[in-house]
Amino acid sequence: MIRIWAAAAAMVAALVATAADARWMRAETDSFIIYSEGSEKSLREFASTLQRFDVALRLLLEVKEQGEANRLPIYLLGSTGEVAKLYTGSRSSSFVGFYRTDRNGSFAVSHRENGGRSRGTSASQETLFHEYAHHFMKRYRTGAYPAWIIEGFAEYYSTIDFDKNGKALIGKPAYGRQYGLVELPQIPVETLLATDPHSLKTVGQVDVYYGRAWLLTHMLFHDTSRDGQLVAYARAINAGIEAEQAARQVFGDLDQLDKDLAAYLRRPLNYRVTRDAIPVPTRIAVTALPPGEDAAIPLRLARLNARSADDARTARDGLRTLASAHAGDAAVWFEYAAAEWALDKQSRNLATVRSALDRAIAIDPDHVRANVLLGELLMHELEEKGDYDDAGWQKAREPITLANRTDPDDPLPLYVYFQSFVDQGQVPPDIAIDGLEQAFRLAPENIEIRVAHAFALANRGRFTSAIRLAQSIAFDPHMGAQARPFLEQLLRLRDQREGRRAPGAAE
């Protein structure tokens, strides 16, 4: 037992030491908030390139909105090994970047290594472009897409680069997939179309899958003989046609598609060039973080990416130590409160959560996330007591309402306000339902908000829109299995509302 506690103390000390040694900066653009160590010059250049990528995607995919009210946080770590360790616990893992979204928001993690590439875009740029393409697709292409399209889309756009005149080059080779495409056994197209990459057993199979998804996407975009097929296939699926039937209906014989894909790999690959230059962004603000927040970044990442109860407690312990060292920093006190709140119910200390939140709000009364968490804590206490009277719940909503007034573009206060009525056992009023819809517009990639919004649409009789949202989640390779019961539930609700019999029901 002494050895266990000593090991835990060493882990906390290492985290705090890492935090103390960090020198993080924040770059803000129209669409991103980027955190990185290293030089200001390299961060500014990276932010500029990423913002140009965002502008290029909006141009190519005909998205009129420019910039984001709810900007995506991105964390750039020093090496792929650091990313792998954060995500899996092992520096030798093959993960070099990831994108994550939950009720508290979305963020991406990438790295600053070039990977020794002698041609093509840098490894770090491709990784980040891939992850951001996922985020962009979830925000602006909210239909139902099979896993291979989701990954093929991200791979295809990850290689965008800019020439010396500033024009975007689209469809350049994914050199990082060359080995899997040429040297390893290939996945037949028919299997590719039906496979979830998370079901694959080896790193090699995953590499082949991503390469084949990229190559098929590239061919469907660039081979004139198959012009329009990708769009027609996606439309067929979103019209309710089963995926395999849609594939055969649009692509024709799948064995021939497989042969065509093999031949396409042997051809010189072409790419497109935008007619006009993509402007270099001018609104980039780079600032050094205050000492407390600077030190908290590694621990924030540890909190957000905890893979086990031990990981969560280690992050909490590090933040507790950090809060003592930076007692005047509201951001650190909030991180400590959030880490304590994230522990399982048997482990967390609600008095500690309240005390840390009180410290954060005393320093910064308008701290958005501290006020939201305070509202959630108050609602939790009411539920624990079985108190569902309006007076207590109205009091609990006050800090959530303050958070919304402070930052109307943060979707979390809007969502938690709506959810408060559900937790109280009340029908949410129109103002809460309208707020939920606004939260969905700000963060359509957020699965929890999307599910709540779909049910709210169904309750208003808008089943077509609700089911479309549910289908988009059911096809998502990152959580499709969990989402299919949700889709089936909405279909049952629609059938009950419209007086339909369930399939197979007795006459």
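1. Observations regarding the overall build of the protein chain
For the protein chain, the helix and strand inventory stands at 22 helices and nine strands. Here the protein chain has a C-alpha radius of gyration of 24 Å; the compact-globule value for 507 residues is 23 Å, and the two agree. Along the first, second and third principal axes, the C-alpha set of the protein chain runs to 70 × 65 × 50 Å. Looking at the protein chain residue by residue over its 507 residues, the buried ones come to 50%. Taking all contacts inside the protein chain whose residues are at least 6 apart in sequence as the whole, residues at least 24 apart take part in 65%.

2. Regarding the nonpolar core
One finds Ile-34, Ile-74, Trp-148, Tyr-157, Leu-216, Tyr-233 and Phe-251 to be the most contacted residues of the largest nonpolar core, which totals 71 residues. With nine residues, the single largest contributor to this core is helix α8 (residues 203-222). Core analysis: the second largest hydrophobic core is formed by 61 residues, Ala-338, Ala-403, Leu-436 and Ala-466 among them.

3. Points about the side chain of Asn-305
Tracing the backbone through its elements, the reader meets Asn-305 in the loop between α12 (291-304) and α13 (309-325). We classify Asn-305 as buried; its relative accessible area is 3%. At 2.4 Å, the side chain of Asn-305 forms a polar contact with the side chain of Arg-100. A polar atom in the side chain of Asn-305 sits 2.8 Å from the backbone oxygen of Leu-301. The contact partners of Asn-305, leaving out residues within four places of it in the chain, are Leu-86, Phe-98, Arg-100 and Phe-107.

4. Concerning the sheet that holds strand β6 (residues 161-162)
Reading across from one edge, β6-β7-β8 is the order of the three strands in this open sheet, with antiparallel pairing throughout. Every interior strand has two partners, whereas the edge strands, β6 and β8 (272-277), have only one. Of the pairings in the sheet, the one linking β6 to strand β7 (residues 167-170) comprises two bridges and is antiparallel in character. Along β7, the bridge assignment pairs Phe-162 with Ala-168.

5. As for the pattern of salt bridges
This structure, assessed with the given rule, holds 36 salt bridges. One salt bridge connects Arg-58 with Glu-68, and the closest N-O pair in it is separated by 2.8 Å. Placement of the pair is Arg-58 in helix α2 (residues 40-60) and Glu-68 in the loop between α2 and β3 (72-77), with a sequence separation of 10 residues. For the residue pair Arg-58 and Glu-68, the accessibility class agrees, reading buried in each case. Across the pair Asp-410 and Arg-369 runs a salt bridge whose closest N-O atoms are separated by 2.9 Å. Placement of Asp-410 in the loop between α17 (390-406) and α18 (411-424) and of Arg-369 in helix α16 (residues 368-385) is noted, with a sequence separation of 41 residues between them. The class of Asp-410 is buried, set by a relative accessible area of 8%.

6. Considerations on the pairing of strand β5 (residues 105-111)
The element β5 is extensively covered by neighbouring structure, given that six of its seven residues are classed as buried. Note: β3 against β5, four bridges, orientation parallel. Paired with Ile-74 across the two strands is Ala-108, which belongs to β5. With five bridges joining them, strand β4 (residues 98-102) and β5 adopt antiparallel strand pairing. Bridge pairing in β5 links Asp-102 to Gly-105. Hairpin connection from β4 to β5: two residues lie between these consecutive antiparallel strands.

7. Description of the sheet that holds strand β1 (residues 25-28)
Taken in spatial order, the six strands line up as β4-β5-β3-β2-β1-β9 in an open sheet, and their pairing is mixed. This sheet does not close on itself; its edge strands, each paired only once, are β4 and β9 (285-288). In this sheet, neighbouring strand axes are inclined to one another by 20° on average, regardless of whether the strands run parallel or antiparallel. Here β1 pairs with strand β2 (residues 32-36) via four bridges, running antiparallel. When the sheet's bridge partners are listed, Arg-26 is paired in β2 with Tyr-35. Along the sheet face, helix α3 (residues 80-88) touches β3, β4 and β5 and points at about 140° away from the line of β5. The strands touched by α12 are β1, β2, β3, β4 and β5; relative to β3, the strand with the most contacts, the crossing angle is about 100°.

8. Quick word on the confidence of the model for the protein chain
In this model, the protein chain carries an average pLDDT of 89, and 91% of its residues clear a pLDDT of 70 or more. Ignoring residues within four places in sequence, the model shows residues 1-20, a span with pLDDT below 50, making 14 contacts including any to other chains.

9. Brief notes about the side chain of Arg-58
Classification of Arg-58 as buried rests on a relative accessible area of 1%. Of the polar contacts made by the side chain of Arg-58, one reaches the side chain of Asp-54; its length is 2.8 Å. Not counting the four nearest positions on each side in its chain, Arg-58 is found in contact with Ser-31, Val-63, Glu-65, Gln-66, Gly-67, Glu-68, Tyr-132, Phe-136 and Tyr-140.

Calculation rules
Residues numbered from 1 in each chain as written. Predicted model: local features only at pLDDT ≥ 70, side-chain atom pairs only at ≥ 80, totals over all residues. Heavy atoms only, no water. Helix = DSSP H or I, 4+ residues; strand = E, 2+ residues; numbered from the N terminus. Rg over C-alpha atoms; globule rule 2.2 N^0.38 Å. Buried < 20%, exposed > 50% of the residue type's maximum accessible area, 1.4 Å probe, protein only. Contact = heavy atoms within 4.5 Å. Core = buried A, V, L, I, M, F, W, Y, C linked by side-chain atoms within 4.5 Å. Polar contact = N/O pair within 3.5 Å; in protein donor to acceptor, adjacent residues only side chain to side chain. Pairing = 2+ DSSP bridges. Salt bridge = Lys/Arg side-chain N within 4 Å of Asp/Glu carboxyl O. Axes fitted to C-alpha atoms, helices over the stretch in contact; angles between N-to-C directions. pLDDT = per-residue confidence, 0-100.

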